[in-house]
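Working through the structure, step by step
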Amino acid sequence: MDQPKIVVGINGSMASQAALRWAAAEGLLRGARVEAVYAWEWSGGLHAPYAPLSSRTSREDEHAAAADVAEHAVGELGESHVVPVVVEGPSAQVLLRATADADLLVLGAHEAESEPYPVINPVVTACLLRARCPVVVVLPGGEQERRAEAVLAGART
């Protein structure tokens, strides 16, 4: 039997840090490997042709910066069953591809200051609609983060 796999989307935000902590705790409970996926896109094609060359970064430099963010987030956690994964591409596409062989996808959402519900960004929306596994959305500091229970979108109970 294969080891269960949990994918968690990270981007350095408070919401993704909460999702990473939740996924790590869930991974311990399930005996699962947790992949902390950081999606990045090279900004090289976004510069105007007249922009100074000194302000441009190379694809390698941006990949290294993305890897640093992912390794720092996972390193702070200090859990051996959690590994950073850095993939170039649009966030939603990268995360959806990662769910192909995953048992669970964990994402963070921001709490809206002026609304009673969380802000569900387009990446979270796309994953809720198209993921090939159940999806957990974690709010930073919320009830879901304090205890290892959450409602799974797409789960059958």
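Details of the structure are given in the entry above.
Definitions and limits used
- Within each chain, residues carry numbers counting from 1 in the order of the written sequence.
- The predicted nature of this model means local features are confined to residues of pLDDT at least 70 and side-chain atom pairs, given and counted, to a pLDDT of 80 or more, with totals for whole chains, interfaces and linings taken over all residues.
- Note: side-chain values were computed over all heavy atoms of the structure, leaving out hydrogens and water.
- For this analysis, a salt bridge means a side-chain nitrogen from Lys or Arg found within 4 Å of a carboxyl oxygen belonging to Asp or Glu.
- Only DSSP runs of H or I covering at least 4 residues are called helices, and only runs of E covering at least 2 are called strands; the numbering of each starts at the N terminus.
- We call a residue buried when its accessible area falls under 20% of the maximum for its residue type, exposed when it is over 50%, and partly exposed in between, using a 1.4 Å probe and counting protein chains only.
- One bridge is not enough; two strands pair if DSSP finds at least two bridges between them.
- Working convention: axes come from line fits to C-alpha atoms, limited for helices to the stretch in contact. Angles between N-to-C directions cover 0 to 180 degrees.
- Contacts: residue pairs with any heavy atoms within 4.5 Å of one another.

**Points about the pattern of salt bridges**
- Under the counting rule described, the total for this entry stands at 5 salt bridges.
- Note that Asp101 and Lys5 form a salt bridge whose closest N and O atoms lie 2.7 Å from each other. Of the two residues, Asp101 sits in the loop between helix H3 (91-98) and strand S4 (104-108) while Lys5 sits in strand S1 (residues 5-9), which places them 96 residues apart along the sequence.
- Note on Asp101: relative accessible area 53%, which makes it exposed.
- Among the residues examined, Lys5 registers a relative accessible area of 11% and is labelled buried.
- Residues Glu26 and Arg30 are paired through a salt bridge, measuring 2.8 Å at the closest nitrogen-oxygen approach. Residue Glu26 and its partner Arg30 are both found in helix H1 (residues 14-30); the two are separated by 4 residues, about one turn of the helix.
- Judged by relative accessible area, which is 10%, Glu26 ranks as buried.
- Under the relative-accessibility criterion, Arg30 is labelled partly exposed at 35%.
- Members of the salt-bridge network, linked through shared partners, are Lys5, Arg33, Glu35 and Asp101.

**Brief notes about the sheet that holds strand S2 (residues 33-40)**
- In space, the 5 strands of this open sheet follow the order S3-S2-S1-S4-S7, with parallel pairing throughout. Every other strand in the sheet has two partners, leaving strand S3 (82-88) and strand S7 (135-138) as the edge strands with one partner each. Adjacent strand axes in the sheet meet at a mean angle of 25 degrees, parallel and antiparallel pairs treated alike.
- One ladder, built from 3 bridges, connects S1 with S4; its direction is parallel. Residue pairing across strands places Ile6 opposite Leu104, the latter belonging to S4.
- Along the sheet, H1 contacts S1, S2, S3, S4 and S7; its crossing angle with S4, the most-contacted strand, is approximately 150 degrees.
- H3 contacts S1, S2, S3 and S4 of the sheet and is inclined by roughly 155 degrees relative to S2.

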